[in-house]
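Residues per chain are reported as follows:
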Amino acid sequence: MIQIAPSLLSADFSRLSEELESIKKAGADMVHLDVMDGHFVPNLTFGAPVIRALRPCTDLLFDAHLMVENPEDYVGPMAEAGVQMLSFHAEAAVHADKIISDIRSRGMSPGMAVNPGTSLSLLDTVLPQLDFVLVMTVNPGFGGQKLIPYCIDKIHILRRMADTCCHRLKIEADGGINPENAPLLKIAGADRLVAGSAVFGAEDRKKMITALRG
């Protein structure tokens, strides 16, 4: 069954604990945490101190997505904050192999993220070391954008690449996901869908998560 990871970026920041409880009751598999530094992307969100404060509020898995320069500097603080899954951008990584090893050594599941315009060839040598790849289906930095159609084909290509690596790599899609395009992403090979405004903007969040899951 496809997993749904609501992005906290679209939640009400004045009542995050309640928002976490709401998506858990609605059937979310995990919560997606967008960590932005205002440099790699123009927006600025939250970091390890906020995530650490949220950790006692829920037992949902924490899936943190580093949209930052120098992602290697964030690995230790994310582990200490209680993150279980951590992805960083291929475009920001000078020593990707070292970062992946550091993530795994600290007990977290390592993933890499790629922007819509980034070639999947950047993942060739490290793909066997990853647990998941986060395919951005919008240009990162802000919520509420429309999915870029060619990213669906990109997921299909990545699925074929992963199948040659002799392990079941998880593919996560993030950006502009709604009940209309979710089935297309699933057919292309996505295992996990990140949805922010679709979930947090819905009157009935349980109904929305069920619709996204298909």
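Keep in mind that what you see is a predicted model, and the values were worked out from it rather than measured.

Parameters and conventions
Residues numbered from 1 in each chain as written. Predicted model: local features only at pLDDT ≥ 70, side-chain atom pairs only at ≥ 80, totals over all residues. Heavy atoms only, no water. Helix = DSSP H or I, 4+ residues; strand = E, 2+ residues; numbered from the N terminus. Expected span 1.5 Å × (residues − 1). Buried < 20%, exposed > 50% of the residue type's maximum accessible area, 1.4 Å probe, protein only. Contact = heavy atoms within 4.5 Å. Phe/Tyr/Trp six-rings, centres within 6.5 Å; stacked < 30°, edge-to-face > 60°. Lys NZ or Arg CZ within 6 Å of the ring centre and 35° of its normal. Core = buried A, V, L, I, M, F, W, Y, C linked by side-chain atoms within 4.5 Å.

A word on helix α5 (residues 150-163). When the terminal C-alpha atoms of α5 are compared, their 21 Å separation across 14 residues agrees well with the 20 Å that a helix rising 1.5 Å per residue should span. Buried within α5 we find Cys-151, Ile-152, Lys-154, Ile-155, Leu-158, Arg-159, Met-161 and Ala-162. As for α5, its buried residues are in contact with β5 (109-114), β6 (132-136), β7 (170-174) and α6 (182-188).

Turning our attention to the packing of aromatic side chains. Counting across every chain of the model gives 1 aromatic pair. Seen from their ring centres, Phe-13 and Phe-46 are 6.0 Å apart, and the 45 degrees between their planes marks the pair as tilted. Here Phe-13 is found in the loop between β1 (3-6) and α1 (16-25), whereas its partner Phe-46 is found in the loop between β2 (30-36) and α2 (48-54), with 33 residues between them in sequence. The cationic tip of Arg-192 hangs over the ring face of Phe-132; the distance from NZ or CZ to the ring centre is 5.5 Å.

Here we take up the nonpolar core. Within the largest apolar cluster, 66 residues are counted, with the highest numbers of intra-cluster contacts made by Met-78 and Leu-158. The element best represented in this core is α5, accounting for 5 residues. The contact partners of Leu-158, leaving out residues within four places of it in the chain, are Leu-120, Leu-123, Leu-127, Val-133, Val-135, Leu-169 and Ile-171.

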